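Architecture and fold: a report
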Amino acid sequence: MSVSNLLENWSKFRHTHPVEDKGVPDWEAYPSEIKWAMAIDLDACTGCNACSVACYAENNLPVVGKEKYSHGQAMHWMRIERYWDENDGQFVADQGARFLPMMCQQCEAAPCETVCPVGATNHTEDGLNSQIYNRCIGSRYCSANCPYKVRYFNWYDYPSTKDVWPSPLNEQLNPDLTVRGKGVMEKCTFCKQRTYTARNNAKTEGREVKDGDVQTACQEACPAGAISFGNLHDPESRVAKQWQSQQVELAKEKQEKDEKEGNRLRGYRILEELRPYPSVMYLERVRESAV
Amino acid sequence: MGKDIREDIAWAQINRDVLKSLESPRKLYWVIIFAAMLVFSVGVGCEIYQYNTGMGVANLDNPHVWGLYIATFIFWIGMSHSGTLLSAILHLMHADWRKPIYRFAEAMTTFSLMTAGLFVMVHLGRLWQFYYAVPYPNERWTWPNFQSPLLWDAMAIFTYLSSSVIFLYVGMIPDLAICRDHLHPGWRKKLYTLLALGWEGTDRQWRNFRMTYLTVACFLIPLAVSVHSIVASDFAMSQQPGWHVTSFPPYFVAGALYSGCAAIITLFIILRYVFRFEEYMTLPILKKTVRLTFAIAMVWTYLNCIEFASVWYSHDQVAKDVLIQKATGTYAPFWWAMIFCGSVVPFAMMVKKWQTNIPVMFAVSLLLNLGMWLERWMIVSPTFSHGYYPWTWDHNQWPSMIQWGIVFGSFGWFTLLFMVFCKVFPSVSMYEVKEMVYHRSLELKKKELAAKGAN
Ligand code: SF4
Ligand code: SF4
């Protein structure tokens, strides 16, 4: 029955959310064994852009060209942001830039999800923010409400545009996923095609997914090994260890800073105070101040 | 102050005057129709191009995913409100000066809602899939997301539009019967016969009619308030700086009534001239409308101040930055123009001499509407230019010609619908004007009698 279906979905809606205001993640209530998460060490990141190139290749991202790029219509699911230290309003050039790789933070309480009129973006059981391209009507409300602005809209019809993948780039289009058509919203999926393959393989072999079974494209491409990715539920995974050692918890609103010598916590999540509970943790950059 | 209407107009004269508007308007009418078609086709051309090529041609980008389309959408929704204000609220308050002018205000409501609905469509990336937002039973049991203010929007607009159409139609039935009885056979006569639903003017019919009209009016008032509150929720329910403001719903409702009243003044003046309605759309009525508009303008100004003040005194640094950006950044000229048109220009309506000066009021009403349109734009765009995230700061974007073209075209579409309506249906309510004349002459007689008695 459609009505009972509606009511059932309605009452289930977000009730299985792991982030209750208990201060600790309620793993018991979590709908699945897996909660994908990421940690990015900014100390290791050199801003080489390998990750974003890998993401282009893995996820069939259209190369929009100079002109559209300068119009702000680029499609990079992952971007490297640059920040300079400011000293008395002057940029301190010899300190160089700080880099921050930015992609969808896979928020647990994603601001983008609640506002989509057709439910095209919603939460998966393994803790990802998913985007159903076929369902999207292109109202762009999700993007308007995403505080990180990491959703990318297909402003043009790329599959039929010339030179988006100039030969031989067209040869390396990934057959595991689609090329999105015009008018739909897209964003980082934590390389969903990879995580699903890993899960299916594990299932076929009758075991649980273990750490290292799956790598995201950006992680794989990072020469500095700055990115780690895995299952937060698995206490043995690298990600879980990093999150734990930095005392970052999924349900926490604000990472407390412990500046004590030798015990410095570097972990934080961006814009935590808005309470989207992102699944990506960054490790702050530490360096000798030249100033 | 002069009289709202002459007491000695014969009822047959009223019929004749109004029916004449269905047949022989001034030449200016055809000029307007032609211009509207031209403007509309510009919009259609732009939309076809955008549909084929993709939304990119609108020069929207990341983070500016919304632009003039959403701003103009709010503008048109807002414009629709005064129709309900004039016809339903003033009807309940027994303000009978509304009678000669409420019909066109209601038509304005209906058509501006239709224009607003157009913008919802135009702004979608995949407008051919718009029905996904409709809760229809389907094979996969996929429902729209009832949490999304955008969905509430779609439902609210649809409800408001359908009730407005019913209200407009119900209120017109006695007039349609007059048209039916007075016109020569032809398609029009057939149309009126159909729409008049066999109206004879019997007591029972009048009783039922009054009841229905009152019921729909009562239903419409909360609806009008809720519709614009919901449009405000699109912003207030999000968590973006500059939008996340509690006072948005009343602010939007006030803005809506404001722009609607300003539009009524504009159309009042145009109709009065084009259809030779000088006898009915009189200057004293204009004066009353102007005063009403001024009052609403002050409410809007007050709520505007509240919004700024609550942002200013909050601890929300980002929201504050957005406000500062509005006043000093790239949008500053538009923002100050909005303040000027919305809060300073209305004081021109305080000047007694100007209240009934047609050219001045025409210009003022256009300025007010410009101000209200700017207001919507200043709500939508600056937030994208100064969001939470540093890389969006001062990332400015200017709408492309395609976007301007579609916005421009919508005015043509509205004018076209409105003008066609005025030629096909009586835009002055004949039966209510008769009532008004009757009551006024009764009052006059009473006064005369009293004067005689005193003598
Ligand atoms: S980062 Fe943005 S797009 Fe990703 S889940 Fe959070 S709100 Fe949604
Ligand atoms: S996880 Fe995959 S989709 Fe996301 S940024 Fe990395 S490569 Fe791109």
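If you're wondering where the values come from, they're calculated on a predicted model, not measured in any experiment.

1. Here's the deal with the packing of aromatic side chains
Applying the stated criterion across every chain yields a total of 54 aromatic pairs over all chains. Seen from their ring centres, Tyr331 of chain B and Trp377 of chain B are 6.3 Å apart, and the 80° between their planes marks the pair as edge-to-face. Pair noted here: Tyr331 of chain B is in the loop between helix 11 (317–328) and helix 12 (332–344) and Trp377 of chain B is in helix 14 (residues 358–385), with a separation of 46 residues, a long-range link. You can call Tyr331 of chain B buried: its relative accessible area is 6%. For Trp377 of chain B, a relative accessible area of 2% puts it in the buried group. Of the aromatic side chains, those joined through ring pairs into one cluster are Tyr141 of chain A together with Trp66, Phe235, Trp243, Phe248, Tyr251, Phe252, Tyr258, Trp300 and Phe384 of chain B. Of note, Lys68 of chain A hangs over the ring of Tyr156 of chain A, and the distance from its end group to the ring centre comes to 4.1 Å. Over the aromatic face of Tyr273 of chain B sits the side chain of Arg26 of chain B, whose NZ or CZ is 4.3 Å from the ring centroid.

2. Notes on the confidence of the model for chain B
Confidence in the prediction of chain B, expressed as mean pLDDT, is 87, and 99% of residues score 70 or more. Scored as a complex, the prediction yields pTM 0.90 and ipTM 0.87.

3. Considering the interface of chain B and chain A
Between chain B and chain A, the residue contacts involve 46 residues of the former and 50 residues of the latter. Of the roughly 4100 Å² buried between chain B and chain A on both sides combined, carbon and sulfur atoms contribute 58%. Contact with chain A buries area across many residues of chain B, yet Asn62, Arg126 and Tyr389 of chain B alone supply 17% of it, more than any other trio. The tally of links between chain B and chain A comes to zero salt bridges. Summed over the shared surface of chain B and chain A, the number is 31 residue pairs in polar contact (both at pLDDT 80 or more). At the level of elements, helix 2 (27–53), helix 6 (149–182) and helix 8 (203–236) of chain B are the ones that each hand at least two residues to the side of chain B that touches chain A. Within the side of chain B that touches chain A, the residues separate by chemical class into 25 nonpolar, 18 polar and three charged.

Conventions adopted
- Residues numbered from 1 in each chain as written.
- Chains lettered and ligands numbered in written order.
- Predicted model: local features only at pLDDT ≥ 70, side-chain atom pairs only at ≥ 80, totals over all residues.
- Heavy atoms only, no water.
- Phe/Tyr/Trp six-rings, centres within 6.5 Å; stacked < 30°, edge-to-face > 60°.
- Helix = DSSP H or I, 4+ residues; strand = E, 2+ residues; numbered from the N terminus.
- Buried < 20%, exposed > 50% of the residue type's maximum accessible area, 1.4 Å probe, protein only.
- Lys NZ or Arg CZ within 6 Å of the ring centre and 35° of its normal.
- pLDDT = per-residue confidence, 0-100.
- Contact = heavy atoms within 4.5 Å.
- Buried area = accessible area lost by both parts, 1.4 Å probe.
- Salt bridge = Lys/Arg side-chain N within 4 Å of Asp/Glu carboxyl O.
- Polar contact = N/O pair within 3.5 Å; in protein donor to acceptor, adjacent residues only side chain to side chain.
- Nonpolar A, V, L, I, M, F, W, Y, C, P; charged D, E, K, R; others polar.

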